[in-house]
Amino acid sequence: MDRTKVKEIMSKALFAIAAVICIIAVVAIFVFLILESFPAFKQIGFFKFLFGANWKPNGDDAFAGDVSGSYGVLKMLVGTLLSTVGALIIGGVLGVFTAVFISRFCPKRIKGIFNTVVNLLAGIPSVVYGFFGIYVLLPMLGFFSPNGSGSGILATSIVLGIMILPTVVSLSKTSIDAVPQGYYEGARALGATHEQAVYRAVVPAAKSGIVASLILALGRALGETMAVTMVAGNAVNYPTGLFKSFRTLTANIVLEMGYAGELQMGALVATGVVLLLFVLAVNLLTGLITGRKKSGGGRKKTAGFLSKIFYKVKLEKIGRYVSWACAIFAGVALVSIVGWIVVNGVSHLSWDFVFGNYSVVDYKRYTIGPSIIATLMVVALSIVVSVPLGVATAIYLNEYSKKGSEFVKIIRTAVDILSGVPSIVYALFGAITFKMWFGGTISILAGSLTITLMLLPIVIRSTEESLKTVSDGLREGSFALGAGKVRTIFKIVLPSALPGIISAVILAMGRVISESAPFIYTMGSSIQPMPDGYMSSGTTLAVALYRFASEGKYMNEAYATAFVLIVIVLGLNLLAEWLGKILNRKLKGETNAVRKKRNS
Amino acid sequence: MRYGKNVTVENAELFYGDFQALKNINIEIPENKVTALIGPSGCGKSTFLKCLNRMNDLVEGCKVTGSFKIGDVDIYGKIDINELRKNVGMVFQKPNPFPMSVYDNIAYGPRTFGVRKRAILDEIVETSLKEAAMWDELKDRLNKSALGLSGGQQQRLCIARALAVKPQILLMDEPTSALDPISTGKIEELMEELKKDITIVIVTHNMQQAVRIADKTAFFLLGELVEYGDTDDIFTSPKDARTERYITGRFG
Ligand SMILES: Nc1ncnc2c1ncn2[C@@H]1O[C@H](COP(=O)(O)OP(=O)(O)OP(=O)(O)O)[C@@H](O)[C@H]1O
Ligand SMILES: [Mg+2]
């Protein structure tokens, strides 16, 4: 009896310790951003920084000794906003109509294929899209461009639009699928055609889910870094023409943080703060929408607005064709990108390229063996640290903390915000803090810790979501039988939430593999030889692809690397789907039969 | 340790934050009888029931005063709460089988209290299912998931699960309100059997059910215990005008 009590207290303490560590990590990022940007803001002036049009870190004429520099991000602010809007227009419109198509117009036979393909595509690393941008899109657009170069706001919007497309489709589709059949049947019963019922009754009813998917996509487009640097041109200009070279806030950070002086670094962190403000605004927007959902009043307004648009363009007449067209276009675009990589990738793949080591001396012959190892090392360490910490924190927040506690609410909000913060902000934190810890040198350890910080909020959030799906009836049932908290958590709550947690872990792995910005200045951007431990430098696969693609000389290596990346990410996605299915079946199925076999 | 089977409550008050959900409740629930709690929605029946196994401890901001005794034990005194819940089982309105096999569902309680031997567990599972009159139905599907059972079977499984830890008292909160008439009938028969060994306290919205199964009936209204007595007396000659109005269906 006393032993159970000790167990209870010990477990609670352990969960609390994990929560405290996570909270410290979360707070550290905010503190870092404020402390590091404060001197820059103070010296430059908050409004001058935000609304200044000149970004000249070295002054107007560095040779004449004018090194004071000027720091204003207005041009990049405009560039970020416009490219995000452009991406939303392209990816959002295509995505929503494709989702309508899959959910309501698609022949049953190919629906399943569409679903799987969309889910798989959502995991493709953004550098792959950037690579496609450089090699296919830019030459194509350059053909129409007055200055012969295809880079600029148009190319960026297209690349970002394609990047967010699968996310929009998959989330919008889920919310359209979730509309009760009664809405559709009700409309049909009143004499509406299939199209009318879909566009006047079903889609407006799914409105808040669709808007939420667009907001999530907006956040991703806003925060994307590496793919953007590959196609934007990166000169500090207002994007005054479709083909004018311009720069986004995220690109600004990654382009200059490698060689920035003190004030300039401060200004870059300040750029990160501006990005954070964007995320805050997006979060507020989401809160407003979901808050409205509950009250119901404002929901009608937006839904009314949506259906008004649908009425105006007489969608119920042409809707079927619009959805078909969008779905075909989106499908062809995505499949041809993947196809392009697969075809070219396979033909440049060799045993030596994938598994061989290479030495820095022999710089003409690159291999990605070292990158694969480095990627695995980063995935292993970041998952091993972030998953136990994150899951334990989520358990503490969801099972132990007081429901209405203000403190927990603040933590939840901070976690929410952090899970939307662009990876480049973590890159800044990692490059400044961890490099400092490890004596100014880059290492796989520093890169892993950086990405761990980024994963923590994601793991906490998705675990909490899975825990919330476990009905309170089960917890009560367990308590009523005299079980304590620990037993209830480990025997009832966690097993029920496990499928959700596992798929979250696999998706987190996918995130690590897809990311590139956080690694560049923490563990190495040029292709590195085989790492001999966590203290050596290393290049992840995504960074290697970025390097090969943006240098222009290693086309074949880029194809092969992109192919390997896609195979790994798709493999992970399939694994997640399969494991989810198995676990769900096991949960509902013959748990004891399995145990009995093991026992005998 | 064994608690008694009779419940004595004196001057009980309960607050959810500032809201008073129970007002000066005094009641003696006899052993080996079925006691029904009736009253309109929100009058505090579930709240009172949950005081008896301290499930209210899980509710934030819930304060209880007064004396609750089971046998001679003051259950709000220095006791082991898990031990209390072992003595006072509970069945909920919505069947809540755990997502595991039938066997594991029933073995969950005994395992909680340290029973590990397979043979003993097998025996407990068999007797509990027999007590719940389910053994013949389920003996061939012990290893199948409990989630595959029908609603009525799930609820009887939950009763068997509660019986597996050998409680002295069984609390039931509207256990049949989500079930069809046949399943309801089975559970009512079951209670008739069970009360030979244990005390049953049941919340019900169905007055016919109270008349059919309960020896004693307590009528709650707005957090007060308005009237309590033999079921026959309550339904044939209620002393309080409010009781009469309620049982003749004029409010609630
Ligand atoms: N966790 C809680 N927090 C605050 N108030 C509560 C809580 N649970 C119940 N109440 C309030 O206490 C009162 C009694 O609730 P209780 O659930 O005991 O009613 P009941 O008689 O069981 O009703 P029903 O027949 O609908 O189940 C109600 O007014 C209810 O709103
Ligand atoms: Mg109730």
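Note on numbering: residues in each chain are counted from 1, in written sequence order. Each chain takes a letter, starting from A, and each ligand takes a number, starting from 1, following the order in which they are written. Whole-chain, interface and lining totals are the exception, using all residues; otherwise, since this is a predicted model, local features are given only for residues with pLDDT of at least 70 and side-chain atom pairs are given and counted only at 80 or more. The basis for every side-chain value is the complete set of heavy atoms in the structure, and neither hydrogens nor water enter the calculation.

Colleague: Where do I start with the overall build of chain B in this structure?
Modeller: Each helix and strand in chain B was counted, giving 10 helices and 10 strands. A compact globule built from 252 residues should have a C-alpha radius of gyration of about 18 Å, and chain B, at 18 Å, falls within 12% of that. The dimensions of chain B, computed from C-alpha atoms along their principal axes, are 55 × 40 × 30 Å. For every residue, the accessible area (1.4 Å probe, protein chains only) is compared with the maximum for its type, and the residue is labelled buried under 20%, exposed over 50%, or partly exposed between those bounds. A total of 252 residues make up chain B; the buried ones form 56% of that total. With an accessible surface of roughly 10,700 Å², chain B has 49% of that area assigned to carbon and sulfur atoms. Neither His nor the chain ends is counted toward charge; the positive residues are Lys and Arg and the negative residues Asp and Glu. One atom stands in for each charge, and that atom is NZ of Lys, CZ of Arg, CG of Asp or CD of Glu. Put simply, chain B has 33 plus and 35 minus side-chain charges, and the middle of one group is 4 Å from the middle of the other. Numbering of helices and strands starts at the N terminus; helices are DSSP runs of H or I of at least 4 residues and strands are runs of E of at least 2. For this measure, only C-alpha atoms enter the radius of gyration; the expected value for a globule follows 2.2 Å times N^0.38, where N is the number of residues. Accessible surface is estimated by sampling points in the Shrake-Rupley manner with a 1.4 Å probe; for residues, cover comes only from the protein chains shown.

Colleague: Looking at this structure, I do not really get the overall build of chain A. What am I missing?
Modeller: When helices and strands are counted, chain A shows 25 helices and 2 strands. Taken over the C-alpha trace, chain A has a radius of gyration of 25 Å; the compact-globule value for 600 residues is 25 Å, and the two agree within 12%. Expressed as lengths along the three principal axes of its C-alpha atoms, the size of chain A is roughly 80 × 70 × 55 Å. Note on definitions: a residue-residue contact is assigned when non-hydrogen atoms from the two residues lie within 4.5 Å. The contacts in chain A between residues at least 6 apart in sequence include a share of 77% that link residues at least 24 apart. When the accessible area of chain A is evaluated, it comes to approximately 26,300 Å², of which 67% is carbon and sulfur surface. Positive and negative side-chain charges in chain A, numbering 54 and 28 respectively, have mean positions lying 10 Å apart.

Colleague: Sorry, what's going on with the pairing of strand β4 (residues 62-70) of chain B here?
Modeller: Walk down a regular strand and you will see the side chains alternate between the two sheet faces. All names here are of chain B. Strands qualify as paired when DSSP identifies two bridges or more between them. The pairing of strand β1 (residues 7-16) with β4 spans 8 bridges and is antiparallel. Each residue of the ladder has a partner; that of L14, found in β4, is V64. Sheet analysis places β4 next to strand β5 (residues 73-74), joined by 2 bridges and oriented antiparallel. Note that in β5 the partner of I70 across the bridge is V73. In textbook terms, the turn of a hairpin is the stretch between consecutive antiparallel strands, and for β4 and β5 this stretch comprises 2 residues, one of which, G71, has a positive phi near 60°.

Colleague: Help me out: how do you make sense of the side chain of T98 of chain A in this one?
Modeller: Assignment of secondary structure puts T98 of chain A in helix α3 (residues 74-105). Apart from the residues lying within four places of it in its own chain, the contact partners of T98 of chain A are V169, C326, A327 and A330 of chain A.

Colleague: What is the right way to look at the interface of chain A and chain B in this model?
Modeller: Interfaces are frequently sized by the accessible area removed from exposure as the parts join. Contact with chain A, which involves 31 residues of that partner, is made by 30 residues of chain B. Whenever two N or O atoms come within 3.5 Å, that pair is a polar contact, provided that in protein one can donate a hydrogen and the other can accept it, and provided that, for residues adjacent in sequence, both atoms are side-chain atoms. At the junction of chain A with chain B, the criterion picks out 4 residue pairs in polar contact (both at pLDDT 80 or more). Contributing elements (two or more residues each) for the side of chain A that touches chain B: α20 (472-480), α21 (485-514), α24 (555-588) and α25 (591-599) of chain A. Of the residues belonging to the side of chain A that touches chain B, the class tally is 9 nonpolar, 13 polar and 9 charged. Residues are grouped as follows: Ala, Val, Leu, Ile, Met, Phe, Trp, Tyr, Cys and Pro are nonpolar; Asp, Glu, Lys and Arg are charged; every other residue, Gly included, is polar.

Colleague: I'm lost on the site of ligand 1 in this one. Help?
Modeller: Residues and elements named next belong to chain B. Inspection of the region around ligand 1 gives 13 residues, with S41, G42, S46, T47 and H205 positioned closest. Note that an oxygen atom of ligand 1 is positioned 3.2 Å from one of the backbone N or O atoms of C43. In this structure, an oxygen atom belonging to ligand 1 sits 2.7 Å away from a side-chain N or O atom of H205. For the shell around ligand 1, the secondary-structure elements that each account for two or more residues are β2 (19-29) and α1 (45-51). It is α1 that provides the largest number of residues to the shell around ligand 1, a total of 3 residues. Residue composition of the shell around ligand 1, by class: 5 nonpolar, 6 polar and 2 charged. For this description, a residue counts as near a given molecule or strand if any of its non-hydrogen atoms is within 4 Å of it.

Colleague: Would you explain the pattern of salt bridges in this entry?
Modeller: Pairing is possible between side chains of opposite charge, provided their charged atoms come close. Whenever a carboxyl oxygen of Asp or Glu lies within 4 Å of a side-chain nitrogen of Lys or Arg, that contact is scored as a salt bridge. The full count for this structure, using the stated rule, is 20 salt bridges over all chains. Where D416 of chain A meets R461 of chain A, a salt bridge forms, and the shortest distance between an N and an O atom there is 3.3 Å. In this pair, D416 of chain A sits in helix α17 (residues 406-418) while R461 of chain A sits in helix α19 (residues 444-469), placing the two residues 45 residues apart along the sequence. Accessibility expressed as a relative area gives 31% for D416 of chain A, which makes it partly exposed. Its salt-bridge partner being E137 of chain B, residue R156 of chain B comes within 3.0 Å of it at the nearest N-O pair. Here E137 of chain B lies in helix α5 (residues 135-138) and R156 of chain B lies in helix α6 (residues 151-163), a separation of 19 residues in the sequence. The exposure class of E137 of chain B is partly exposed, given its relative accessible area of 32%. If you follow the salt bridges from partner to partner, you end up with E399, D472 and R475 of chain A in one network.

Colleague: Got a minute to help me understand the environment of F220 of chain B in this structure?
Modeller: Residue and element names in this part refer to chain B. Tracing the sequence through the fold places F220 in strand β9 (residues 216-221). The buried category is assigned to F220, whose relative accessible area is 0%. Each residue touching F220, except ones within four places of it in the same chain, is listed here: L22, I25, L37, I38, G39, P40, C43, K45, F48 and L225.

Colleague: Can you walk me through the packing of aromatic side chains in this structure?
Modeller: Two numbers describe a pair of aromatic rings. These are the distance of the centres and the angle of the planes. Residues and elements named next belong to chain A. Centre distance within 6.5 Å is the pairing criterion for rings of Phe, Tyr and Trp, where only the six-membered ring of Trp is used; planes under 30 degrees apart are then read as stacked, over 60 as edge-to-face, and the remainder as tilted. Here the structure, examined in full by the defined rule, presents 30 aromatic pairs over all chains. Ring centres 5.1 Å apart and planes at 50° place the aromatic pair F41 and F46 in the tilted group. Ring geometry for F49 versus W55: centroids 6.5 Å apart, planes at 65°, classification edge-to-face. Summarising the burial analysis for this pair, F49 and W55 share the class buried. Taken together, F41, F46, F47, F49, F51, W55 and Y71 form an aromatic cluster joined through their ring pairs. To sit over a ring, a charge needs its Lys NZ or Arg CZ within 6 Å of the ring centre and within 35 degrees of the ring normal. Taking NZ or CZ as reference, K485 lies 5.2 Å from the ring centre of Y400, over its face.

Colleague: What is the right way to look at the confidence of the model for chain A in this model?
Modeller: Caution applies to low-pLDDT regions: their predicted coordinates should not be interpreted in detail. Residues and elements named next belong to chain A. Note: pLDDT gives the predictor's confidence per residue, expressed from 0 to 100. In the predicted model, chain A carries a mean pLDDT of 86, and 90% of its residues have values of at least 70. The weakest mean pLDDT in chain A belongs to α25 at 45; the strongest belongs to α20 at 95. Counting contacts from residues 294-299, a segment whose pLDDT is below 50, to residues more than four positions away or on other chains yields 7 contacts.

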